[in-house]
Amino acid sequence: MATTTTSAAESTETCDVLIYGTGLVESVVAAALAWQGTNVLHIDSNPYYGGSWAALNLDELKAWTDRVNDSASNNTPFSDAYLYISRNLDPRKYAIDLSPHILFTRSDLLNLLIKSRVSRYLEFKPLGSFHTFEQDSFEKVPGTKEDIFTSQTLTLLTKRSLMRFMKFVIDWEQNSSIWQEYKDEPISKFLEERFGLDAPQIVELVHSIGLLPTPKAPTELALGAIKRYLTSMQVYGNFPAMYSMYGTGGELAQGFCRSAAVAGAVYRLGTKLIGFDEATSEAELDSGEKIKVTEKIISSEGVIAGDEEITRMVAVVEKDCKEWFAEGESAAVVVFPVDTLDGNRYAVQVLVMGSGSGQCPSGQAIWYLSTQESGEQGRKYLYVALEKLEETILRESTEDFEFDVNEEEISYLPNGLPVISSVRLGESLRNFSPKESLKYLLKLTYSQKVTVSPIEPTADSKVIYTIAPSIDLAFEGIVDQAKGLYELVTGTTDDFFDVDFEDEDDDATATAAAADTDIRDVAQDKDDDVVGHHSDFEEVAGEMTI
């Protein structure tokens, strides 16, 4: 696929739809339109794909930080970026995710990745470790019936209550008589009054399974979030979620851009849209070219500001953090619930990525922290959480953690295994002093405008603006947003990715099955030694850039 550069003096080029920005939603729309025969010109002012979803190498991250802090040129959802990078790091061996997200195995986005065959351009890894911070340690979340049955810390009554709730939540939509009166009430009230659950179980269900920022979340919203996790377990293996290597949303965006390019879309990075004349339907690029747009412009520059702000922190540490990962995995989610960090009103969520994610070299890990607390208060809680993470990983990775116990502080399980008093163990953990310190190779803090409430796209003119990424740690609303934009262009969603993809070896049905097999390979792929060289991005860009 190729094109020629047109000077300002030459005749105006024409496209049906001009898409400005290669974020995830815009890239999905580009592919959907291109496969239906729409003439799509897809441009981005950045020299990389992904927009607000991008994963950047360290050189790109420095340039991004400068742009975000330049009030005259910053038209992104980001602000207040502070960056520290240690010396002697190879910039191309890191991929820092600006908007890290995870993908639940039962989600419309995963279904679309398979249906569109974009999954073939991606490599997925499993994520099965979800932890809750409590009593100065990370407790793994019991997310299955087997976990609950075999738990030694839950009483029989609690186990029965949890099992009753889990049975209910799988089909909660069909049991409105149980939750309707609590629809707008806090989920914590519903769980306590209708199922008799105690605070520790409510915290795990709300924060670590539902990934909700507060137990005050409305019941209707929270039930859907909790069901998402539970129904995603065992779909492809013993894990509820996955992530794409070398970056999360940015890699998915590149996959859809690649699909769009195969269908005939034209791509230009490092190209700015500097104006659009409604009267003549001509868009002007920074090169001086004018593009006649017959249908719509879809733009993420001048993006609709999100209705909430979250504070983010990224820390690259010289530790592999394997103690937090399930066997054969290289990622984990850690949640600090409300009131566990000196009075935090919202949970702090942490996505931990090891070297097997392709985002950092071997022996290192990246911690992505976020909270709905904004400004200085938000940064304060992130730093407190950072200290807890540091203390915990040093303690759990040390090989010389010893303390004295008396015989009366030891009890025995029915199978004969000794169990140390949790009170005694907790005291020892609090008094533990590590002999080593944790080395930080990179620290980044910034604020980001995000979307909490869904916003219906409108098209009063030829220009449609996309909205900021969702506040959810999981990919939510991407397909619905893309369909909304697609409908504004075509007038319908009936043919959204309704394509019989041609292939010399298989038909559309076999294609879907093959793509599904690619996803299932996640469970078997356990190579944790992959290093994410940023050339992986650029090789794709080289194939697609005009």
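Structure's up top.
Residues numbered from 1 in each chain as written. Predicted model: local features only at pLDDT ≥ 70, side-chain atom pairs only at ≥ 80, totals over all residues. Heavy atoms only, no water.

S.K.: Just checking my understanding: could you explain the overall build of the protein chain for this structure?
M.R.: Per the secondary structure count, the protein chain includes 15 helices and 22 strands. Going through the 546 residues of the protein chain one by one, you find that 54% of them count as buried. Partitioning the intrachain contacts of the protein chain with sequence separation of at least 6 by distance along the chain shows that 74% fall at a separation of at least 24. (Helix = DSSP H or I, 4+ residues; strand = E, 2+ residues; numbered from the N terminus. Buried < 20%, exposed > 50% of the residue type's maximum accessible area, 1.4 Å probe, protein only. Contact = heavy atoms within 4.5 Å.)

S.K.: What should I look at first to understand the packing of helix α8 (residues 199–209) against helix α9 (residues 219–232) in this one?
M.R.: Relative orientation of the contacting elements α8 and α9 amounts to 80°, with a least axis distance of 9 Å. If you check the angle between α8 and α9, you find them roughly perpendicular. Mapping the contact onto sequence places Leu 205, Ser 208 and Ile 209 in α8 and Ala 225, Ile 226 and Tyr 229 in α9. (Axes fitted to C-alpha atoms, helices over the stretch in contact; angles between N-to-C directions. Parallel < 35°, antiparallel > 145°, perpendicular 65-115°, else oblique.)

S.K.: Is there a simple way to explain empty space enclosed by the protein in this structure?
M.R.: Gaps between atoms show up when a probe of the same size as a water molecule is rolled over them. Tallying each qualifying case throughout the model produces four cavities of 30 Å³ or more. What the largest cavity holds in volume is close to 290 Å³. For the lining of the largest cavity, the elements supplying multiple residues, two or more each, are α1 (24–35), α2 (58–68), β14 (290–304), β22 (463–467) and α13 (478–490). With three residues, the single largest contributor to the lining of the largest cavity is β14. By residue class, the composition of the lining of the largest cavity is twelve nonpolar, twelve polar and five charged. (1 Å grid on protein atoms, 1.4 Å probe; cavity = no way out; pocket = protein on both sides within 12 Å on 5 of 7 lines; lining within 4 Å. Points joined across faces, edges and corners; volume = space filled by probe spheres on them. Nonpolar A, V, L, I, M, F, W, Y, C, P; charged D, E, K, R; others polar.)

S.K.: Even after reading the chapter, I still don't get a negative patch on the surface, so can you show me in this structure?
M.R.: Together, Glu 487, Asp 494, Asp 498 and Asp 500 line one region of the surface with negative charge. Structurally, Asp 494 can be placed in the loop between α13 and α14 (508–520). Taking the relative accessible area as the measure of exposure, Asp 494 reaches 69% and is therefore exposed. (Patch = residues over 30% accessible without salt bridge, like charges linked within 9 Å, V, L, I, M, F, W, Y side chains within 5 Å. Areas by Shrake-Rupley, 256 points an atom, 1.4 Å probe, with all protein chains shown as cover. Salt bridge = Lys/Arg side-chain N within 4 Å of Asp/Glu carboxyl O. Lys, Arg positive; Asp, Glu negative; His and termini not counted. Charge placed at Lys NZ, Arg CZ, Asp CG, Glu CD.)

S.K.: What's the story with the side chain of Arg 379 in this structure? I'm lost.
M.R.: When you line up the elements, Arg 379 lands in helix α11 (residues 375–397). Using a relative accessible area of 11% as the deciding quantity, one classes Arg 379 as buried. Here Glu 376 takes part through its side chain, which lies 2.8 Å from a polar atom of the side chain of Arg 379. (Polar contact = N/O pair within 3.5 Å; in protein donor to acceptor, adjacent residues only side chain to side chain.)

S.K.: Can you walk me through the sheet that holds strand β16 (residues 331–336) in this structure?
M.R.: Two strands in a sheet stick together by hydrogen bonds in their backbones, pointing the same way (parallel) or opposite ways (antiparallel). A sheet is described by the order of its strands in space; here eight strands give the open sequence β4-β21-β15-β18-β17-β16-β8-β9, paired in mixed fashion. Here the strands that pair on one side only, and so sit at the sheet edges, are β4 (78–85) and β9 (137–140). Between one strand and the next, the sheet's axes are offset by a mean angle of 20°, whatever the strand orientation. Bridge count between strand β8 (residues 130–134) and β9: four bridges; the pairing is antiparallel. Counted as the bridge partner of Glu 134 is Ser 137 from β9. Its contacts with the sheet put α8 on β8 and β16, and the angle it makes with β8 is roughly 130°. The strands that α11 touches are β4, β8, β9, β15 (308–317), β16, β17 (348–354), β18 (365–371) and β21 (440–450); relative to β18, the one it contacts most, it runs at about 145°. (Pairing = 2+ DSSP bridges.)

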